[in-house]
Structure formats: C-alpha cells, structure tokens
Amino acid sequence: MMTNKIFNRLMIVGFSVIIFGFSALTLFSKHGELSFYENRYLAKPVSLTWDSYLSGEFVSGNEDAFSDNIFMRDNMLKLYTVVNRSCLGKNEVNKVVFGEDILLPYYSSNYYDEAAVNSDISTMTDSLTKLNSLVNEQGGRFVFAAVPAQFSLYRDKFPKYSCTFAPKLDYERSSFINGTLKAAGVPVIDLKTVFEARADRDKLYYKTDHHYNCNGAFVAYQSILQNLNEQTGYDLKILTEDDLEYKTFPNRFLGSSARKIYDIYDNDDRLEICYPKKQIPFKRYDNGEEVEATVFSLPNEGDYADYEAFMGGDKAETLIDTNRPELPTALIFGDSYTNAVESLLYYSFDKTYSIDLRYYREMSLADYIKEKKPDVVIYVRDDTIYLSSENNGCFFEIPQ
Amino acid sequence: VPKRFRGARNMVLLIFSLIFYASNEPKNILIMLASIMLNYVFGLLVERTSRKKLVVFLSVVLNLSILIYFKYTNFLCDNISAITGIDINIQKIIMPVGISFFTFQAMSYVFDIYFGSTKAQKNPLNVILYISLFPQLVAGPIVRYETIAEEISSRDENERDIADGIAGFIIGFAKKIIIANEMGVIADLAFGEPKLDMLYAWVGIVAYTFQIYFDFSAYSDMAIGLGKIFGFHFPQNFNYPYIAQSITDFWRRWHISLSVWFRDYVYIPLGGNRCSRLKHLRNIMTVWLLTGIWHGASWNFVVWGLYYGIILIIEKNFLMGILNKAPRILRHIYTMLIVLVGFVFFRADNLTAAWEYLKVMFGGGVIYSADSNAMHLLTNNSAMLIIALIGSMPIIRLFDGVKYRQALRFGYCMFIFLVSIMYLTSSTFNPFIYFRF
C-alpha cells in the first residue's frame, strides 16, 4: 500500500517535471534562427493581435514556433533517427535509404501515369527545340547535359525492395533523352551512359550526397566540351587528368542525405577538389558584384565540408571573366549540378556566365541569351527533374 | 483552489475548457455555447412542463438542425445538385470542431432528464462545464450526463486517480504519437497510390486498421486520463476491439460510448428487439444508418453503417450459432476480415475508390508488382507493425497480479512518455526541399 503511494507520487512528480520542465526550458532557453540539419529558418512566435487570434494564426503559429524550438530538438531528432535505424531496424529513415556503404534518397512514388509523362515529354521537347533554335539564331550552339542523380546511377546499391522508381526514370530516359530530343535534333549528352561505361563508376558520386563529386563533374565537363568541339568546330581546350591538381580535405563531409539523418552514418566521404595545375587569372562577379576570384569555398579546419564548396553554392548569376577575348563565351544554366562543372569550365572560355533560374528573376533565359549572345549555351539538369517546366525548366518567361 | 470551494474549482475548469476550445475555434465557440444554453433551457422545460414529449421533440429538432446545417449542408447540396442538375452554389460551411460530440452530449442531457434518470441542472455553468469539459470535448468519449452529474457537484480528486489519470494520458499519447502516426504514413501512401497491387492494398488497409484504432482509442485514453486527473470518471470507450470474436462482439468493444448512446436513445425507444421481426430489422438498420452518417457527411459512411447493420442482422439471425461452434481462430479471422473491408469504405475518398481498392484486395488486379512500394513498407515497418499488433491485444493485463506493478507502470510510463516526446518532435522535421538540387 505504502509502495503504491510512493509510485503514485513519483508518477505525478515525474510527469510534472517532464511536461513543465520541457515547456519552461523551451520558453526560457536561447534559440537559433536556423535549423542546421534541415537548412531552413525555424518558426518564430506570433504576436497576439485580434486578427491573428481570430484567424487562428496565433495558436497555430505559436504551436509551430514551440515545436520548432523545443528544448534539445536537434538531439531528439538525432535520437529518433538512431532509434529507428538501430532499434527498429529500419532501412529508410527521414526519406533516406541506408544502402550498401551508401546513403540514397527514398522515393515512395513507384507508379507513373504514362500519359502524363508523355505530355511532359512533349512539352519539354518543344521547349528545348525552341531554345536550341533561339541559341542557333543568335549564332551560338546549345547542348543539354542530362545528369543522372546519384541514386539513379547507383540503383543497384539500394537494399532489396527499396528501389521502386527505376521504371519511371528509364521510361523518361528512353522516350525523352534518347527518343524525342534526339529526333528533334537537340544536342543532348546522356551522361548516365557515359558514367556507366566507366570502370570507376563507383567513384564518380558521393556516398552521402545526391551530387557527383569532382571526379564525376570532371567526366561531365569533358563530355560537354567534346560535344561542343564536335558541334562547333572550336578547338576548346579540354583539361585532362594530367593537367589537374587534386586536393582532399580531411574535414567530415556532410552530404545532403547524411544531413537528413543527422550525420549518424559512418562513412569515408571527403571533399575533393581538382583544379588546373596551370592557373589563369580571372575576375568573378556574383549578381553583378565583384567577389573573390575563386571557384571554391573551402571549409575551415574542424568545420563540415559539403557540396557548397563548388562555386560557393547556388547563386542567381555568376560571371567569370578570364579576359581572353580570342576565346568564345559560354552560358551555363541549371540546378546545383552546374556548380562542380563550372569550377572547371571557365578555363576554356573568355567569359563564363552562369544563371540559376530558381533564383534569377531579372529576365527570362531567352532574353538573357539575346542580351549576352553567348557562343555556347550549356544546360545541366538531372534525371529526377528534367521534365519539369518550373524554374530551370522555364526558358521563355521569368519563372514564378 | 482548495477542495471545499467546489464551485471555484469548477469555474477554473470551465474557463480553461473554454480557452482550450476558443484557442482552436475562436469564432465557433459561440455556436457551442448557444447549443449548450439551448439544451440547458430544454432541460429545465422538460422537468417543469407537462408536455415533456413536445419539448424533447423540439430539442431533438433544434439539435439536429444545428448538426445538419454545419455537418451535412454541403453534402446535401452536392447530392441535390447531382440528382437534379441544379447548381446549388453555397459557400463551404466550416464545421465547428467536436460538433458531433457536443451535440450528442447535449441531447443526452435532455434525454436523461426526460427519462427521469437525472435532474435538470439549475446552474447553467454546470451544464456548460459538463458539455465543454476540455478532455472529451473534441474527440469523445460521449459522456452521458447521468454518468458525471454527481461528480460535477461533489467529486474526490485524489493521488491515486491523478496517477492513474497520468498513466492513462501517457499511454494514449504514446499510442497516438508512436503508433497511429507511423501507421498513418503507410495507409496514406497506399490509399494515395493510383495503381495498387494486392499486397500493397492489404498492407495499406492493415496499417489503416491499426492507425484508426490507435488514433481514436488514444484520444479516448487521453480524455479518460485527463478526466481522472480532475476527478471525473468517464466511461471506457474501447476494449481491445481487435480481439473480438464476432462483429457483435466487436461493436461491444469499439467506440462503446457511441454504441451505448444509440442503443439507449434510438434503438430502445424505437422498440429494440421487443417488437415484430420486421420492426426489429428496421430498428437495427436505423441505428446503423445513423451511426454511419454520424461519422461523416459522405456516402462512404452511409454504406459503412449499413454494411454493419446487415452483418449484425445476419449474425443475430443465424451466423452467431455457426460462429459459436467454430474454432476461435476462425471467428477471429472472420471478424477482422469484416472489419478490414469496412474500413476500406471508411478510409477511401469515395465509393468508387473504395470499390476499386476492394477489387485489388481480393484479386482483381496484379498480386504483386516488382515496382510496388509494398515490400519496402512492410520490411521497413515490420517492427512497428509487430508493436501495433501486440499493442492491440490485452498483453498489459498479464501484469495485473505482478508484485511491483506500480513500479513497473511508473518506469514504463516515464519511458514511453519521453519516447513519445521524441517522436512528436520528429514530426516537425521538415528539411528544405531544395536540398535535392
């Protein structure tokens, strides 16, 4: 009886300590503005006004703010990931699949509507055909480098049953890249074929990030320049491995997939960069402002390294000017797969423009081409998104 | 507030209950208060007038009018438009949260006075407290007035009840956060998939069956637990329904407070089973039609209700005799099969989707596709599915006679409470989508 009484009291005290303790520590502890692992701003408290109360924003906003700033949130999220992986034996946590010596993103959508995909293929083929014609009319040459995402190239590394997206990507690749685009005469490089043919296929991408590493980017760079030389008759300098210096950083590499699982996965991914042994002087401008003349943003000792090392991450507009007017000018656009390629590409051109239509809102891509009149236009996009007409798939108007 | 100031204690509970409702439904609190006051007046009238039946009739008409207006107007207009071709263009009516629960509680207050099982409350604040009491306001259980009438004016809040209440609340919280939400992810994927195979369909409906039980019973557990903390003893709402041996047994274990409400206020007043065979059938079908409609404004719920009505009629008339002779495992398989099929209607977006889903479940499509997500979901969530299976059985009762039961309960509750907070926090994990590019 006495024991029951003690445990009843313990229950009341324990519950009160947890519920009021967490609340008090959440309310009175100092909060950051950013969630490092989620790469987003944390919700902020909403002030009480008559409007915010009546609209329900006051309550829902403060609920969001409380849960976003709950005491020891990152530790709890990390523990959740460990519990799910180690205790519950899940091979997929937070949409990341634990493959054989690799982390891969998880896609739950396994079926696809063929009619809808065909419609997207038709739309994107028309857009790229028009874009190719526009570039040609302006006196330039166009090439589309279709990049496989990491999990697309390494699909054989998924655990059994977790790779369910392959039929969709294969259908899109055969019907679009090797089908309608080639039939329409749009110059396209199927980098998946290029990568798969290489003996070092497994060394072209990170194990914990969806991007290629400097080796993959170098192969992509070579393929693009070869294609342009064949198309244009230019004799663009193509760097070879012998022309390059390699440097590996000891910092822990935080890939996009590793970040989603709070970096609990032990791996030997490292940031490696390659750059020409024979350097050339250049000026760099980001969004019109001159910035430090470098194509890398390197990590400090003890900091995490990540893919943002290439070009310092995504920028709306970058210009690298090597002041060699005898060489042609280039424009490269696309998502972040362009960044690692850009770190080598500028070497072969006078001016290299780069725009990312997710952020660039000054004018449409078509108007940009008409204004800058680049000699070559390079489009880099990965196979998970190359049928999307949004952002870097929107060529003739400013993306919404 | 000291125990002797019962009125002040009730006032604190009332204020916090209203703040709780108003924080989520700032505009609709007036509708709830109007509904409560209406029933308070009806309660007094029923007790004082000689024309009791008329007053009860009026209260039913008014309560149902409010419920129908907020919950079913859009559904009715859509159907009238579909049948007649006339475009009835009305604004979407936002339903006050918990309207089905507080309307039924308010109606039970008037009915209980009419049936003489309780007396009308003179103090309107006590009626408001009974109906708006925050633990059970938005998700039940439906607490009949006579159940807690006495506890409103005199109840004993003690350490044992508070500790039991906390344990109940924590268990409910964990059921919702750890199991129901995880099962919900699987169910949503399956029911959102345009092309299913048979395995995926079964994985989806099994997950949904666990989700709905662990979700709904969790809210009841939390409500009962919170009630106990404040000295109220709400009735049990779920009693391990998935161990039922027949559908009749299932409905004695599932959403008990709703079944009891319909039994006492609809089935029995209609004559129950003490009438002709035809009337008995009518009574059963009426109750189940209403049960279905109560759950939501959709044909799916109508079909779901009638489906159970028909099965219960079949069981009562001849199947129960056969079932009683069948091995326990067969009875269980039969019951769960009926329940799983029923939940397809409950979960699917519309009747066509439900029918298509059922066709795939029973072989009307591919049995297993290599592109299917089913095996991934099954292997990835196998541990959680086993936890859900164990949690839906009365395993905890094995500990009833254990010597250090209280100590075990304390440790277990604190552990699952912390795990639940961790899971709750994980639900806020929301990486920036442009990560991918």
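The shown structure was predicted, so the numbers you read here are calculated from the model rather than taken from an experiment.

Caption draft 1: Broad picture of the overall build of chain B. When you go through chain B residue by residue, the secondary structure sums to 18 helices and zero strands. Against the 2.2 N^0.38 benchmark of 22 Å for 437 residues, chain B shows a C-alpha radius of gyration of 23 Å, consistent with a compact globule. Reported as C-alpha extents along the three principal axes, the dimensions of chain B are approximately 70 × 60 × 60 Å. When the 437 residues of chain B are sorted by exposure, 55% land in the buried category. Within chain B, contacts between residues separated by at least 24 positions form 75% of all contacts whose residues are at least 6 apart in sequence. Per element, the accessible surface of chain B, about 19800 Å² overall, is 67% carbon and sulfur. Distance between charge centroids for chain B: 8 Å, based on 38 positive and 26 negative side chains.

Caption draft 2: Quick look at the nonpolar core. Core analysis: the largest hydrophobic core is formed by 212 residues, its most contacted members being A:Tyr212, B:Trp254, B:Tyr308 and B:Phe343. A total of 16 residues in this core trace back to one element, the largest contributor, which is helix α8 (residues 159-192) of chain B. A:Phe144, A:Leu181, A:Ile369 and A:Phe395 belong to the second-largest nonpolar core, a separate cluster that totals 34 residues.

Caption draft 3: A look at the packing of aromatic side chains. Counting across every chain of the model gives 73 aromatic pairs over all chains. Ring centres 6.1 Å apart and planes at 85 degrees place the aromatic pair A:Tyr353 and A:Tyr368 in the edge-to-face group. Note that A:Tyr353 is positioned in strand β14 (residues 351-355) and A:Tyr368 in helix α12 (residues 365-372), a separation of 15 residues in sequence. No difference in accessibility class separates A:Tyr353 from A:Tyr368, as the two residues are buried. Ring centres of B:Trp251 and B:Tyr308 lie 5.3 Å apart, and the angle between their planes is 80 degrees; this geometry places the pair in the edge-to-face category.

Caption draft 4: Inspection of unusual backbone geometry at higher detail. Its identity as a non-glycine residue notwithstanding, A:Lys95 has a phi of 65 degrees, on the positive side. Along the chain, A:Lys95 turns up in the loop between β3 (92-93) and β4 (96-99).

Caption draft 5: A look at the pairing of strand β10 (residues 283-286) of chain A. Residue and element names in this part refer to chain A. Of the two faces of β10, only the one carrying Arg284 and Asp286 is buried; Lys283 and Tyr285 on the other face are not. Summarising the sheet, β10 and strand β12 (residues 317-321) pair through four bridges and their orientation is antiparallel. The residue bridging arginine 284 from the neighbouring strand is isoleucine 320, located in β12. By the bridge criterion, three bridges tie β10 to strand β11 (residues 289-291) in an arrangement that is antiparallel. Bridge pairing in β11 links arginine 284 to valine 291. Between the antiparallel neighbours β10 and β11 lie two residues, among them asparagine 287 with a positive phi of about 50 degrees.

Caption draft 6: The arrangement of helix α2 (residues 29-48) of chain B in detail. Residue and element names in this part refer to chain B. With 20 residues, α2 should reach 28 Å at 1.5 Å per residue; the first-to-last C-alpha distance of 29 Å fits that figure. For α2, every residue scored as buried is listed here: Ile29, Met32, Ser35, Ile36, Asn39, Tyr40, Phe42, Gly43, Leu44 and Val46. Lining the buried residues of α2 we find α1 (6-24), α3 (52-84), α4 (99-114), α5 (124-132) and α6 (134-137).

Caption draft 7: Layout of the sheet that holds β11(A). Residues and elements named next belong to chain A. The strand order β7-β6-β15-β13-β14-β12-β10-β11 describes an open sheet built from eight strands, whose pairing is mixed. Of all the strands in the sheet, just β7 (188-190) and β11 have a single pairing partner and so form its edges. When the angles between neighbouring strand axes are averaged without regard to direction, this sheet yields 20 degrees. As paired strands, β12 and β14 are joined by five bridges and run antiparallel to one another. Bridging from a neighbouring strand, glutamate 317 pairs with isoleucine 355 of β14. Against the sheet, helix α5 (residues 114-137) touches β6 (141-147), β13 (330-334) and β15 (376-382), its axis set at about 145 degrees to β6. Set on the sheet, helix α7 (residues 166-183) makes contact with β6 and β7; between it and β7 the angle comes to about 155 degrees.

Caption draft 8: Fine view of the pattern of salt bridges. Residue and element names in this part refer to chain A. Applying the stated criterion to the full structure yields 38 salt bridges over all chains. Arginine 173 serves as the salt-bridge partner of aspartate 190, at 3.0 Å between the closest nitrogen and oxygen. With aspartate 190 in strand β7 and arginine 173 in helix α7, the pair connects residues that are 17 residues apart, well separated along the chain. On the basis of relative accessibility, which here comes to 9%, the residue aspartate 190 falls in the buried class. Linked through salt bridges whose partners overlap, the residues forming this network are Asp314, Asp335, Asp356, Arg358 and Arg381.

Caption draft 9: A look at the side chain of B:Gln245. Residues and elements named next belong to chain B. Secondary-structure assignment places glutamine 245 in the loop between α9 (198-229) and α10 (247-253). A polar atom in the side chain of glutamine 245 sits 3.2 Å from the backbone oxygen of isoleucine 243. For glutamine 245, the residues in contact, after removing those within four places along its chain, are Leu323, Arg328, Arg331, His332 and Thr335.

Caption draft 10: View of the environment of A:Cys274. All names here are of chain A. For cysteine 274, the position within the fold is in strand β9 (residues 272-276). Assessed through its relative accessible area of 2%, cysteine 274 is described here as buried. Between the C-alpha atoms of cysteine 274 and glutamate 63, which are 211 residues apart in sequence, the distance is 47 Å. Here cysteine 274 is in contact with Cys214, Leu244, Glu245, Tyr246, Phe296 and Leu344, once residues within four sequence places are set aside.

Caption draft 11: Representation of the side chain of B:Asn283. All names here are of chain B. Residue placement: asparagine 283 occurs in helix α12 (residues 277-295). Taking relative accessible area as the criterion, asparagine 283 reaches 0% and is therefore assigned buried. Among the polar contacts listed, one links the side chain of asparagine 283 to the backbone oxygen of glycine 272, at a separation of 3.0 Å. Only 2.9 Å separates the side chain of asparagine 283 from the side chain of arginine 282, close enough to count as a polar contact. Not counting the four nearest positions on each side in its chain, asparagine 283 is found in contact with Tyr267, Leu270, Gly271, Gly272 and Cys275.

Caption draft 12: Spatial organisation of the sheet that holds strand β5 (residues 102-105) of chain A. Residues and elements named next belong to chain A. Reading across from one edge, β3-β4-β5 is the order of the three strands in this open sheet, with antiparallel pairing throughout. Two strands close off the open sheet at either side, each with one partner strand: β3 and β5. Bridge count between β4 and β5: four bridges; the pairing is antiparallel. Its bridge partner being in β5, glycine 99 is matched across the sheet by isoleucine 102.

Caption draft 13: Expanded view of the environment of B:Gly363. All names here are of chain B. Turning to its location among the elements, glycine 363 is positioned in the loop between α15 (351-361) and α16 (374-380). Residue glycine 363 is classed as partly exposed on the basis of its relative accessible area, which comes to 39%. With 136 residues separating them in the primary sequence, glycine 363 and glycine 227 have C-alpha atoms 47 Å apart.

Caption draft 14: Molecular detail of a nonpolar patch on the surface. Together, B:Ile386, B:Leu389, B:Ile390, B:Met393, B:Ile395, B:Ile396, B:Leu398, B:Phe399, B:Val402, B:Leu408 and B:Tyr412 make up a nonpolar patch on the protein surface, roughly 960 Å² of accessible area in all. Look at B:Leu398 and you get exposed, because its relative accessible area is 66%.

Caption draft 15: Molecular detail of the environment of A:His31. All names here are of chain A. Here histidine 31 lies in the loop between α1 (2-28) and β1 (34-35). Sequence separation between histidine 31 and lysine 44 is 13 residues; the distance between their C-alpha atoms is 9.8 Å. Not counting residues within four places of it along the chain, the set of residues in contact with histidine 31 comprises Thr26 and Asn69.

Caption draft 16: Broad picture of the interface of chain B and chain A. Tallying the contact residues gives 56 residues for chain B and 59 residues for chain A. Counting every contact that joins chain B to chain A gives two salt bridges. A salt bridge links A:Arg9 to B:Glu159, with the nearest nitrogen and oxygen atoms 2.8 Å apart. The tally of links between chain B and chain A comes to 11 residue pairs in polar contact (both at pLDDT 80 or more). Top element by residues in the side of chain B that touches chain A is helix α18 (residues 405-426) of chain B. It accounts for 13 residues. In terms of residue class, the side of chain B that touches chain A is made up of 32 nonpolar, 14 polar and 10 charged.

Rules behind the numbers
- Residues numbered from 1 in each chain as written.
- Chains lettered and ligands numbered in written order.
- Predicted model: local features only at pLDDT ≥ 70, side-chain atom pairs only at ≥ 80, totals over all residues.
- Heavy atoms only, no water.
- Helix = DSSP H or I, 4+ residues; strand = E, 2+ residues; numbered from the N terminus.
- Rg over C-alpha atoms; globule rule 2.2 N^0.38 Å.
- Buried < 20%, exposed > 50% of the residue type's maximum accessible area, 1.4 Å probe, protein only.
- Contact = heavy atoms within 4.5 Å.
- Areas by Shrake-Rupley, 256 points an atom, 1.4 Å probe, with all protein chains shown as cover.
- Lys, Arg positive; Asp, Glu negative; His and termini not counted.
- Charge placed at Lys NZ, Arg CZ, Asp CG, Glu CD.
- Core = buried A, V, L, I, M, F, W, Y, C linked by side-chain atoms within 4.5 Å.
- Phe/Tyr/Trp six-rings, centres within 6.5 Å; stacked < 30°, edge-to-face > 60°.
- Pairing = 2+ DSSP bridges.
- Expected span 1.5 Å × (residues − 1).
- Axes fitted to C-alpha atoms, helices over the stretch in contact; angles between N-to-C directions.
- Salt bridge = Lys/Arg side-chain N within 4 Å of Asp/Glu carboxyl O.
- Polar contact = N/O pair within 3.5 Å; in protein donor to acceptor, adjacent residues only side chain to side chain.
- Patch = residues over 30% accessible without salt bridge, like charges linked within 9 Å, V, L, I, M, F, W, Y side chains within 5 Å.
- Nonpolar A, V, L, I, M, F, W, Y, C, P; charged D, E, K, R; others polar.

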